[in-house]
Amino acid sequence: MRADADRVFKALAAAERRLLLDRLRAKNGQTLGELCRHLKTTRQAVTKHLKVLEAADLVVPVWRGREKLHYLNPVPIHEIAERWIGKYERGRLRALAELKAKLEGETDG
């Protein structure tokens, strides 16, 4: 688990890689070209970031003909959450998140 967790934390450490994960969360199964749109990063840099995400099993590539599609794999993040947050913290964290959302909603408009 340690080597796997190290890879996941390394992958999540870069804002660019978190942005790629967010884009896949919004629309799973994107090509490199689709992921590069709206980014101020070179295609080569995105490719390098995807390789780090793939090494951490956060992104799974699937070939469809000549197209390589990238899919989000949430399992490694879930495993880390289970290990460090654990079942005993879920209720308290959920209550805090609900309180935060309610308070932020009260300040809007």
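Structure: above.
The text that follows walks through the structure, step by step, so that each part is easy to find. The structure displayed is predicted, hence computed values, not measured ones.

## Digging into the packing of helix H2 (residues 15-26) against helix H4 (residues 43-55)
Step number 1: Running from amino to carboxyl end, H2 crosses H4 at an angle of 80°, the nearest separation of the two axes being 10 Å. With respect to H4, the axis of H2 lies roughly perpendicular. Contact residues: H2 offers Glu 16, Arg 17, Leu 20 and Leu 21, while H4 offers Val 46, His 49, Leu 50, Val 52 and Leu 53.
Step number 2: Class assignment of the residues belonging to the contact of H2 with H4 gives a composition of 6 nonpolar, 1 polar and 2 charged.

## Regarding the nonpolar core
Step number 1: Core analysis: the largest hydrophobic core is formed by 16 residues, its most contacted members being Leu 20, Val 46, Leu 50, Leu 53, Leu 58 and Val 59.
Step number 2: Of all the secondary structure elements, the ones that give two or more residues to this core are helix H1 (2-12), H2, helix H3 (32-36) and H4.
Step number 3: Setting aside anything within four residues of it in sequence, one finds Leu 53 in contact with Ala 11, Arg 17, Leu 20, Leu 21, Leu 58 and Val 59.

## What to know about H4
Step number 1: Between its first and last C-alpha, H4 extends 18 Å over 13 residues, near the 18 Å set by a 1.5 Å rise per residue.
Step number 2: Among all positions of H4, only Val 46, His 49, Leu 50 and Leu 53 are buried. Projected onto a plane normal to the axis of H4, the buried residues spread over an arc of 100° and lie on a single side. Away from its buried face, by an angle of more than 90 degrees, H4 presents the exposed residues Gln 44, Lys 48 and Lys 51.

## Overview of the pattern of salt bridges
Step number 1: Using the criterion set out here, one finds 5 salt bridges in the structure.
Step number 2: Measuring nitrogen to oxygen at the nearest pair gives 3.6 Å for the salt bridge that ties Glu 54 to Lys 68. With Glu 54 in helix H4 and Lys 68 in strand E2 (residues 67-72), this pair connects stretches of sequence that are 14 residues apart.
Step number 3: The class for Glu 54 is partly exposed, based on a relative accessible area of 21%.
Step number 4: Residue Lys 100 pairs with Glu 104 through a salt bridge whose shortest N-O separation is 3.0 Å. Taken together, the positions of Lys 100 and Glu 104, both in helix H6 (residues 86-107) and 4 residues apart, correspond to about one turn of that helix.

Thresholds applied
- The residue numbers shown here count from 1 along each chain, following its written sequence.
- Restriction of local features to residues with pLDDT of at least 70 applies here, the model being predicted, together with a cutoff of 80 or more for giving and counting side-chain atom pairs; totals for whole chains, interfaces and linings are based on all residues.
- Only hydrogens and water are set aside; all other atoms, that is, all heavy atoms of the structure, feed into the side-chain values.
- Geometry is summarised by axes, namely lines fitted to C-alpha atoms with helices restricted to the contacting stretch, and by angles between N-to-C directions that run from 0 to 180 degrees.
- Where helices and strands are cited, they refer to DSSP runs of H or I of at least four residues and of E of at least two residues respectively, numbered from the N terminus.
- Oblique is the label for every angle not falling under 35 degrees (roughly parallel), over 145 degrees (roughly antiparallel), or within 65 to 115 degrees (roughly perpendicular).
- Note on contacts: a residue pair qualifies if any of its non-hydrogen atoms lie within 4.5 Å across the two residues.
- Just so you know the grouping, Ala, Val, Leu, Ile, Met, Phe, Trp, Tyr, Cys and Pro go in nonpolar, Asp, Glu, Lys and Arg go in charged, and all remaining residues, Gly too, go in polar.
- Each nonpolar core is a collection of buried residues, namely Ala, Val, Leu, Ile, Met, Phe, Trp, Tyr and Cys, held together in the definition by side-chain atoms within 4.5 Å.
- Accessibility here uses a 1.4 Å probe with only protein chains present; expressed as a share of the type maximum, an area under 20% marks a residue as buried, one over 50% as exposed, and anything in between as partly exposed.
- Expected span of a helix, by definition, is 1.5 Å for each gap between consecutive residues, and there is one gap fewer than residues.
- Throughout, the arc means that of the directions going from the helix axis to the C-beta atoms.
- Throughout this description, the term salt bridge denotes a Lys or Arg side-chain nitrogen within 4 Å of a carboxyl oxygen of Asp or Glu.

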